[in-house]
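# Examining the three-dimensional arrangement
These are the residues of each chain, in order.
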Amino acid sequence: MPLRHGGNQRFGYPVAAVVFAIGMAGTTLPTPLYGLYRERLGFSELMVTVVFAAYAVGVITVLLLAGNLSDVAGRRPVLLCALGLSAASALCFLFEGGVPMLLVGRVLSGFAAGLFSGTATATVLELAKPGQEACAGFAATAANMGGLGCGPLLAGLLAQYTPWPLSLPFLVHLALLAVAGVLTWLVPETVRTARTTRTVRTDGTTGRGQRPVRSARRRPAALRVPPEVRGVFAPSAIAAFAGFALLGLFTAVAPSFVGQTLGVRNLAVSGAVVFTVFLGSTAGQSLTGRLGITRALPGGCLVLVAGLLLVAASLVVESLPLLVIGAVLGGTGQGLAFRAALTAVSAAAPPEHRGGTISAFFVIAYLGISLPVVGVGALTLWLGLRGAGLTFAGCVIVLASCVGRYVLRRPPTER
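Before going into details, it helps to say that this report is about the structure given with it. (Residues numbered from 1 in each chain as written. Predicted model: local features only at pLDDT ≥ 70, side-chain atom pairs only at ≥ 80, totals over all residues. Heavy atoms only, no water.)

This paragraph deals with the packing of helix H11 (residues 267-291) against helix H12 (residues 293-317). Taken N-terminus to C-terminus, the directions of H11 and H12 make an angle of 140 degrees; their axes are 7 Å apart at the nearest point. Judged by the inter-axis angle, H11 sits oblique to H12. Seen along the crossing, H11 lies across H12 with a hand that is right-handed. Here H11 contributes Thr-288, Arg-290 and Leu-291 to the contact with H12, which in turn contributes Ile-293, Arg-295 and Ala-296. In terms of residue class, the contact of H11 with H12 is built from three nonpolar, one polar and two charged. (Axes fitted to C-alpha atoms, helices over the stretch in contact; angles between N-to-C directions. Helix = DSSP H or I, 4+ residues; strand = E, 2+ residues; numbered from the N terminus. Parallel < 35°, antiparallel > 145°, perpendicular 65-115°, else oblique. Left-handed = near helix turned anticlockwise from the far one by under 90°. Contact = heavy atoms within 4.5 Å. Nonpolar A, V, L, I, M, F, W, Y, C, P; charged D, E, K, R; others polar.)

The following block contains the structure:
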């Protein structure tokens, strides 16, 4: 059962948020490096999106099979496991020997992100003291988006300005993961795992002279959304799907557009462009508390639409400044809607199912970051990068507009 406090309170939700950010940074670290891998290995833009989507496959697999594992095993062991998987992913890229190793590295990164998404979010929220709930909610979503944004920025800078573009980013991240492991060990556990005990004799019979034997823990159950959450869950998850689709586009395809269409070959610039969309997301999340869920969710969808319109315009006129403005605006809309949706779902979920419910929410979100992006990669074979991007933008604009209209008419209830 979840506990509100425990252990050393000096290591509360800000420390858990730092661990969350370090873990998520590794999932986007390869983003500005795909062009280098493409030149070295000679694969197409479609293969770039397939390698990227392998990450989402890993995320969704873990969320479906073990999304509520931390509700059973505890938050800290699951976080340590996620850090180990992230380190294994970094090693795959460090000793890369072809596309298969890239795919393995991305799947392992997805496994790590799948464990982080629900577990770290729940940990940050549960470590908050009374009165800190709003700050902790922002810390959780900002650590998620901020970590995702810092990955490409860090990799782009190291790849552009150091002699080891395909190794130093992952060595630095391995060092950060070691720090995160120490911090995780210091963070209080917020779940008291339910164990029952019985006593048996050494010959197997019960009675006096007994020794304690722990019964097996409950196995993680399949993800399910509790009935009391479903009314809030559906529109919130669809809004997250649309927002994450924008993030997927920038994480997988924007560096190629910057390099191939705009002719900007600086990897630091490519990483910074991707960073701007996550920066906008973090800014949007900071505004959610002021606006409230009932206004932030539909408002975020509408701002997301405006950002997508600017991104589409940047594809038409081939303008880097317009692309950056669209990224910031679209990211802001995504952040507004994402934090509002996550807050609404988390508040509606009963404590004993919070980790699993949040993980189910992230399953829908990561479908948004994978399926549309692979579609863009496939469309580039027939329509080119610009035509595929415009098609994608049009589809997500329609989806976000419909969700925004729906939640305006039926806003989620604030708690």
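Back to the text.
This part takes up the pattern of salt bridges. This structure, assessed with the given rule, holds two salt bridges. For Arg-75, the salt bridge identified is with Glu-126, shortest N-O distance 2.7 Å. Taken as a pair, Arg-75 in helix H5 (residues 75-94) and Glu-126 in helix H6 (residues 99-126) lie far apart in primary sequence, 51 residues in all. Since its relative accessible area comes to 2%, Arg-75 is described here as buried. A salt bridge links Glu-318 to Arg-386, with the shortest nitrogen-to-oxygen separation between them at 2.0 Å. Of this pair, Glu-318 sits in the loop between H12 and helix H13 (320-348) while Arg-386 sits in helix H14 (residues 354-409), and the two are 68 residues apart along the sequence. (Salt bridge = Lys/Arg side-chain N within 4 Å of Asp/Glu carboxyl O. Buried < 20%, exposed > 50% of the residue type's maximum accessible area, 1.4 Å probe, protein only.)

We note that Glu-318 has phi near 55 degrees; this positive angle belongs to a residue other than glycine. Relative accessible area serves as the criterion here: at 39%, Glu-318 is assigned to the partly exposed category.

As enumerated under the stated definition, the model contains six aromatic pairs in all. Between the aromatic rings of Phe-244 and Phe-338, the centroid separation amounts to 5.4 Å while the plane-to-plane angle is 50 degrees, which identifies the pairing as tilted. Taken as a pair, Phe-244 in helix H9 (residues 230-252) and Phe-338 in helix H13 lie far apart in primary sequence, 94 residues in all. Each member of the pair, Phe-244 as well as Phe-338, is classed as buried. (Phe/Tyr/Trp six-rings, centres within 6.5 Å; stacked < 30°, edge-to-face > 60°.)

Any functional reading would require information beyond the geometric quantities listed.
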